[in-house]
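Survey of secondary and tertiary structure
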Amino acid sequence: MSAALFTAVFALALAASVAVRLWLAVRQVAFVRAHRETVPAAFAERIGIAAHRKAADYTVAKQRLAMLHVAVDAALLLAMTLGGGLAAIVAWTEALPVGPLWRDVAMFAAAGIIYGAVNLPFAWWHTFRIEERFGFNRMTLGLWLSDLAKGLAIAIALGLPLLVLVLWLMRVAGSGWWLWAWGAWMTFQLLVLVLYPTLIAPLFNKFTPMGESPARERVEALLARCGFRSAGLFVMDGSKRSGHGNAYFTGLGKAKRIVFYDTLLIRLAPDEIEAVLAHELGHFKLRHVAKRIVWSALLSLGVLALLAWLAQAAWFYAGLGIPQTMLPVALSRPGVALELFLLALPVFTFALEPLSSLYSRRHEFEADAFATRHASPAALTVALVKLYEDNAATLTPDPLHSAFYDSHPPAAARIARIEALAVREAMPAAA
């Protein structure tokens, strides 16, 4: 492939991905607004019109911000690649009085600062304008900045050693460096899963053991029925930052923890909490987490193999904005190939998003089915309706937008399937 052809392919793929994203966003806004004044029949007796309107307005506000973010991200990507931004950073770092590996580290740091500076206003606007407007935000500016600083410190503490290791492997491990890098990446991912519950999450939230209550009794009985062991039941002070509620499993092996947001425990009844946990438990018992880890491992292996091939192709660098005069430098610095690859890859993998979403929704349906067998289907339905209402999740998403992006099934389809399963499971008992 020639550099000019690859430039054209990249530009065309970027234009297509931006056009599709914006088109889907426009559809979502139009569809949600068109159904703003009517609660779907399946929810008419459960959710009031005021809550439905709030969910519609919240969805539209987030979507409009996302549309602007798509446009800005595309402009930044063009500036960093075809506009010569990364080439300028490479030229600057080439003159630094440090070793070649550390010049690549400096290049990544500079690119990270640029992307962070561009994305920071969007994060601020989402928290202090959209979340604030709809009554979800409970963070002060000081807490937000503190979280930002902690996140940056963790990214440096964990990400910098991994980056240095991968760059070193690209230099010294020969043509098979990508296999070693894949092993390092998978080890890193598993290490983070193990460390997150006890070392990382407590830096941001307070976790207290779940006190004795009817809800805890139901949860422990559920765990016993399903033969599931955890490292404990914990309540997280989610209300410190947001009015949204949730529950989740975290960790691997004996380090698995069950975590409930305090907002969730306040809102749901004991049998509803049991049903929500049964859904989350379904993901583990049905090996969804393990399947996703395996899928991620295979995908990352293929991605690194592709990078190893592209890193040797001059047209890859030239096609993404590295001038011909700088090609010898770029080819001698593995970090340039890695940075260009990370910048360009999302443009080409965008088309795979619907498949990922479909796979995730399938797992959600399976986890719901598991929950109906081990807890009350009626309680699960009530809990989900409450969560949809409390989190202002729209009940009327555009079908195409939902199919493309949503990791969870639309509310109407999800509730209908749970109720159908409940009827099916009740029939033998009635007979």
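Preceding block: the structure.
**Some remarks on the environment of Gly85**
- You can see Gly85 is positioned in helix α3 (residues 85-94).
- In this view, Gly85 contacts Ala79 and Met80; residues no more than four positions away in its chain are not counted.

**Structural notes on helix α5 (residues 141-172)**
- In this model α5 runs 45 Å from its N-terminal to its C-terminal C-alpha over 32 residues, within 8% of the 46 Å that 1.5 Å per residue would give.
- At Gly159, α5 shows its maximal bend, which comes to roughly 35 degrees, and the proline Pro161 appears one to four places after that position.
- Taken residue by residue, α5 has Leu143, Trp144, Asp147, Ile154, Leu162, Leu163, Val164, Val166, Leu167, Leu169 and Met170 as its buried positions.
- Check the buried side of α5 and you find it contacts α4 (100-133), α6 (177-200) and α13 (334-349).
- Backbone geometry just after α5 places Gly174 at a positive phi near 75 degrees.

**Notes on a nonpolar patch on the surface**
- A contiguous nonpolar surface patch, about 460 Å² in accessible area, is contributed by Val98, Trp102, Leu152, Ile156 and Leu160.
- In terms of residues, the nonpolar patch owes the most to one element, α5, which gives three residues.
- Inspection of the secondary structure puts Trp102 in helix α4.
- Classification of Trp102 by relative accessible area gives partly exposed; the value is 46%.

Thresholds, definitions, all that
Residues numbered from 1 in each chain as written. Predicted model: local features only at pLDDT ≥ 70, side-chain atom pairs only at ≥ 80, totals over all residues. Heavy atoms only, no water. Helix = DSSP H or I, 4+ residues; strand = E, 2+ residues; numbered from the N terminus. Contact = heavy atoms within 4.5 Å. Expected span 1.5 Å × (residues − 1). Bend = angle between axes of the 7 residues up to and from the residue. Buried < 20%, exposed > 50% of the residue type's maximum accessible area, 1.4 Å probe, protein only. Patch = residues over 30% accessible without salt bridge, like charges linked within 9 Å, V, L, I, M, F, W, Y side chains within 5 Å. Areas by Shrake-Rupley, 256 points an atom, 1.4 Å probe, with all protein chains shown as cover. Salt bridge = Lys/Arg side-chain N within 4 Å of Asp/Glu carboxyl O.

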